[in-house]
Amino acid sequence: MPEKEQTLKKPEPQGAGYGIYTLIHDLAYILAAITFIFVFAVRLVGVSGSSMYPTLVGAEESYRTRGDYLALMSNVLYSDYEKGDIIVACLPSFESGKPIVKRVIATEGQTVDFRPDESGQWRVYVDGEALDEPYIREAMTATGYRTLDFPVTVPEGCYFAMGDNRNNSADSRYPDIGMIDGRYIVGKALMVVLPGQDCYAGNTRSWSRFGTVS
């Protein structure tokens, strides 16, 4: 007995309303994913001032230049910061909570001190050992006016952070900032997503600086 031929039903054509519904549905999922990424995973922040130069280029009002834009790993995913990490913090007691970008020098329980080494150059010491800091702009001068009394020990849950431009940086050396409470850190810098205009190099924008920061 011959097999019955099976006929496939052709899908009925959908109207324009269904296409619009599908488009809106897909856009909603895309927007939800983007929102999740930029709220809970990655954040973007602009760099201001020269305290992290030359590692990062900051916006300078007097030169009307724009600074680097950083992608941060949000504190929702990463909150155990280590020495050498570049962090962004918003401190209510400093510049009305404006984001500041600094490098972690010491973590809780560590002791920070400043003194000249055998050659007379001022160095940062953590737990008695001088730090090797190839990232700083120039040799550090003696810590001057309005600084904390050193040596200091970093309290629990806090970080001692400084700018790479040591001689032109308001950071944990100064009472207005002091030890940075981890609750005020919004994230760790991952990469430069848009290089800024370097006022020290003729307001040029170097695209070779796009990428990870360290």
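For the structure, check the block above.
The following refers to the structure shown. All values reported here derive from a predicted model rather than from experimental measurement.

### As for a negative patch on the surface
A grouping of D80, E82, E108 and E156 is seen on the molecular surface, where their side chains present a negatively charged patch. Tracing the backbone shows E156 in the loop between strand 8 (152-153) and strand 9 (158-162). Since its relative accessible area comes to 69%, E156 is described here as exposed.

### Examining the sheet that holds strand 6 (residues 122-126)
If you walk across this open sheet you meet the four strands as 7-6-5-8, and the pairing is antiparallel. A strand with exactly one partner marks an edge of an open sheet, and here the two such strands are strand 7 (129-130) and strand 8. By the bridge criterion, two bridges tie strand 6 to strand 7 in an arrangement that is antiparallel. Across the sheet, the residue bridging to V126 is E129, located in strand 7.

### Side note on empty space enclosed by the protein
Applying the stated rule across the entire model yields one cavity of 30 Å³ or more. If you add up the space inside the largest cavity, you get close to 50 Å³. Lining the largest cavity, in full, are G49, S50, Y53, L56, V57, G58, E60, Q197, D198, C199 and Y200.

### Some thoughts on the environment of D113
With respect to the secondary-structure elements, D113 resides in strand 5 (residues 111-116). Look at D113 and you get buried, because its relative accessible area is 17%. Apart from the residues lying within four places of it in its own chain, the contact partners of D113 are R123, V124, Y125, F150 and P151. A distance of 3.2 Å separates the side chain of D113 from the side chain of R115, its partner in a polar contact.

The rules behind these values
- Residues numbered from 1 in each chain as written.
- Predicted model: local features only at pLDDT ≥ 70, side-chain atom pairs only at ≥ 80, totals over all residues.
- Heavy atoms only, no water.
- Patch = residues over 30% accessible without salt bridge, like charges linked within 9 Å, V, L, I, M, F, W, Y side chains within 5 Å.
- Areas by Shrake-Rupley, 256 points an atom, 1.4 Å probe, with all protein chains shown as cover.
- Salt bridge = Lys/Arg side-chain N within 4 Å of Asp/Glu carboxyl O.
- Lys, Arg positive; Asp, Glu negative; His and termini not counted.
- Charge placed at Lys NZ, Arg CZ, Asp CG, Glu CD.
- Helix = DSSP H or I, 4+ residues; strand = E, 2+ residues; numbered from the N terminus.
- Buried < 20%, exposed > 50% of the residue type's maximum accessible area, 1.4 Å probe, protein only.
- Pairing = 2+ DSSP bridges.
- 1 Å grid on protein atoms, 1.4 Å probe; cavity = no way out; pocket = protein on both sides within 12 Å on 5 of 7 lines; lining within 4 Å.
- Points joined across faces, edges and corners; volume = space filled by probe spheres on them.
- Contact = heavy atoms within 4.5 Å.
- Polar contact = N/O pair within 3.5 Å; in protein donor to acceptor, adjacent residues only side chain to side chain.

That is the geometry; function is a separate question.
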